[in-house]
Amino acid sequence: MKIPLFRSAASAEPMAAQLAHSLAAVLRSGVYILGPQVRAFEARLSDLLHGRETVAVGSGSEALLLAFKSLGVGSSGGGSALDEVLLPTYTFVACAEAVLAAGARPVFVDSAPEDFLPTLAHFRDARTPRTRAILAVGLFGDPSGLPELAAYCRDEELWLIEDVAQCLGAQADGKTGTGNAGSWGDAAAMSFYPTKTLGAAGDAGALAFRNPDHADKARLLRNHGYDDGQHRCLGHNSRMDELQACLLQAALDDFPDSIARRRAIAARYLAAWADLPIRLPRASAGHAWNYFVIQLPGPHLRASFAARLAARGIATRVYYEHPLHRHEALRPWHGARALPHSEQLAGCSLALPLYPMLGDEEIEYIIGVVRQAAA
Ligand SMILES: *Cc1c(COP(=O)(O)O)cnc(C)c1O
């Protein structure tokens, strides 16, 4: 059997044929950017996020940058070049890029021991009088800690920005119907990169805001600051196209089922591997299971484990090879703070295939091969 790390629902029949039909209608309409499909998608995304105002943009990376600029964090959004943003160091590089592109300073925060996310205490310890915002990343689909962080940021008058790129569909209070990830912060940045829980067939992203004035600002920024004949500020070209908005509406139809399927697969993995000498991800309440990431005892055992899976046709991937503060481009921004747990995680984490398109036979095959490889 050959099992890739990801397979899009849009790639399989009859879905591919249905989508081709709706995409052809968009092509015939002649409207390709920021048209009725984008507006309809924004409205449906807003429903998913308990009525928050949403702004569709070109990618998740741009959504992060526009979040900071819309809130006025950093010199390029009207804040100060000394503004500090606390963010996890064990995450995707776009998080730090956005802070720096907004003209603010990233302050890297460690993960909790043997977990992927920092706790509130980690953020609190890194805080200084210059801290303006916390960037909370729902890494791998885990929305844990958002209620606590939201309360802290409200009391301390800090902005809370959620990076929901990997955890759209998660419920941070563990209940269904309330508390969706993306509705806790002052701003939330989403990515619809194909492998994310809500995936497009190309690049796309979106923002959600607590305050409609910030959404208005983001709407200006995504289209060169243009409004009614005037460039009211200088902005960006970060517009969603109609084809992606059309695909994303179809993906939203399927979204509750696809999150349920992810959760069912994760539950099977967790039950089947509970006795193995590998560390399984924490099954936190409301997890959206974008990626299923295990921990091996160290880099050498990880490499040999991944090689055993590859030999049986199962793809794996390392998220992330280094924490952000260990990358050449970001090292200058790292002070003296020790961040040992993130460094340890980078050396032992391994993502296994988990996505709605996995068939039951494939799931059983993965379960068996992992059992043999770990024994
Ligand atoms: C994917 C991702 C992004 C960036 O999204 P793009 O749409 O690829 O630009 C940002 N943050 C996290 C945590 C991500 O996983």
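Residues numbered from 1 in each chain as written. Predicted model: local features only at pLDDT ≥ 70, side-chain atom pairs only at ≥ 80, totals over all residues. Heavy atoms only, no water.

### What about the overall build of the chain?
Part 1: Each helix and strand counted, the chain has twelve helices and eleven strands in total.
Part 2: If you line up the chain on its principal axes, its C-alpha atoms span 65 × 55 × 40 Å.
Part 3: Residues counted as buried form 53% of the 375 residues belonging to the chain.
Part 4: In the chain, once contacts between residues fewer than 6 apart in sequence are set aside, the share between residues at least 24 apart is 73%. (Helix = DSSP H or I, 4+ residues; strand = E, 2+ residues; numbered from the N terminus. Buried < 20%, exposed > 50% of the residue type's maximum accessible area, 1.4 Å probe, protein only. Contact = heavy atoms within 4.5 Å.)

### Comments concerning the packing of aromatic side chains
Part 1: Tallied over the entire structure, the rule returns 16 aromatic pairs.
Part 2: Taking the centre distance of 5.4 Å and the plane angle of 85 degrees together, the rings of F41 and F192 count as edge-to-face. Separated by 151 residues along the polypeptide, F41 in helix α2 (residues 36-48) and F192 in the loop between β6 (187-191) and β7 (205-209) bring together distant segments of the chain.
Part 3: With relative accessibility at 0%, the residue F41 sits in the buried group.
Part 4: Taking relative accessible area as the criterion, F192 reaches 0% and is therefore assigned buried.
Part 5: With a centroid separation of 4.6 Å and an interplanar angle of 20 degrees, the aromatic rings of Y291 and Y319 are classed as stacked. (Phe/Tyr/Trp six-rings, centres within 6.5 Å; stacked < 30°, edge-to-face > 60°.)

### Focus on the site of the ligand
Part 1: Neighbouring the ligand are 14 residues, the closest being S61, D163, Q166, S191 and K196.
Part 2: At 2.8 Å, a backbone N or O of G60 approaches an oxygen atom of the ligand.
Part 3: In this structure, an oxygen atom belonging to the ligand sits 2.7 Å away from a side-chain N or O atom of Q166.
Part 4: When isolated, the ligand has an accessible area of 380 Å², and the protein chains bury 92% of it.
Part 5: Looking at which element gives the most residues to the shell around the ligand, the answer is helix α3 (residues 60-71), with three residues.
Part 6: Taken together, the residues of the shell around the ligand sort by class into six nonpolar, six polar and two charged. (Near = heavy atom within 4 Å. Polar contact = N/O pair within 3.5 Å; in protein donor to acceptor, adjacent residues only side chain to side chain. Areas by Shrake-Rupley, 256 points an atom, 1.4 Å probe, with all protein chains shown as cover. Nonpolar A, V, L, I, M, F, W, Y, C, P; charged D, E, K, R; others polar.)

### Thoughts on the nonpolar core
Part 1: By size, the foremost hydrophobic cluster in this structure holds 48 residues, and its most contacted members are F68, L135, F140 and L207.
Part 2: Here the element with the most residues in this core is α3; it accounts for seven residues.
Part 3: For this core, the two domains that each supply at least three residues are domain 1 (9-253) and domain 2 (255-374).
Part 4: Residues contacting L135, with those up to four places away along its chain left out, are L64, F68, V85, L86, L87, P88, C95, F123, I161, E162 and D163.
Part 5: If you look at the next biggest cluster of nonpolar residues, it comprises 43 residues, including V38, L49, A181 and A200. (Core = buried A, V, L, I, M, F, W, Y, C linked by side-chain atoms within 4.5 Å. Domains from an automatic or database assignment.)

### Observations concerning the domain arrangement of the chain
Part 1: Domain boundaries in the chain define domain 1 (9-253) and domain 2 (255-374).
Part 2: If you average the C-alpha positions of domain 1 and of domain 2, the two centres end up 24 Å apart.
Part 3: Residue-level contacts link 47 residues of domain 1 with 36 residues of domain 2.
Part 4: Carbon and sulfur atoms make up 60% of the area that domain 1 and domain 2 hide from each other, which totals about 3500 Å².
Part 5: In this structure, the connection of domain 1 to domain 2 is made through three salt bridges.
Part 6: D142 is the salt-bridge partner of R282, the closest N and O atoms lying 3.6 Å from each other. (Buried area = accessible area lost by both parts, 1.4 Å probe. Salt bridge = Lys/Arg side-chain N within 4 Å of Asp/Glu carboxyl O.)

### Looking at the packing of helix α10 (residues 299-311) against helix α12 (residues 360-374)
Part 1: Axis separation between α10 and α12 bottoms out at 10 Å; the angle between their running directions is 140 degrees. One finds that α10 runs oblique with respect to α12. Pair α10 / α12 crosses with right-handed handedness. Taken together, the residues of α12 that come into contact with α10 (itself represented by F305, R308 and L309) are V369, V370, A373 and A374.
Part 2: Taken together, the residues of the contact of α10 with α12 sort by class into six nonpolar, no polar and one charged. (Axes fitted to C-alpha atoms, helices over the stretch in contact; angles between N-to-C directions. Parallel < 35°, antiparallel > 145°, perpendicular 65-115°, else oblique. Left-handed = near helix turned anticlockwise from the far one by under 90°.)

### Quick word on a nonpolar patch on the surface
Part 1: Together, L27, Y32 and I33 make up a nonpolar patch on the protein surface, roughly 280 Å² of accessible area in all.
Part 2: Here Y32 lies in the loop between α1 (15-29) and α2. (Patch = residues over 30% accessible without salt bridge, like charges linked within 9 Å, V, L, I, M, F, W, Y side chains within 5 Å.)

### Topic: the pattern of salt bridges
Oppositely charged side chains are able to pair whenever their charged atoms sit close together.
Part 1: Per the counting criterion, the structure on display carries 17 salt bridges.
Part 2: Here E362 and R7 are joined by a salt bridge, their closest N and O atoms 3.0 Å apart. Here the residue E362 occupies a position in helix α12, and R7 occupies one in the segment before α1, the gap between them amounting to 355 residues.
Part 3: Look at E362 and you get buried, because its relative accessible area is 13%.
Part 4: The class for R7 is partly exposed, based on a relative accessible area of 25%.
Part 5: The partner of R279 in a salt bridge is E114, with the nearest N and O atoms 3.3 Å apart. With R279 in the loop between α9 (255-272) and β10 (292-295) and E114 in the loop between β3 (105-109) and α5 (120-126), this pair connects stretches of sequence that are 165 residues apart.
Part 6: Classification of R279 as partly exposed rests on a relative accessible area of 38%.
Part 7: Within the structure, one salt-bridge network assembled from shared partners comprises R261, R268, D360 and E364.

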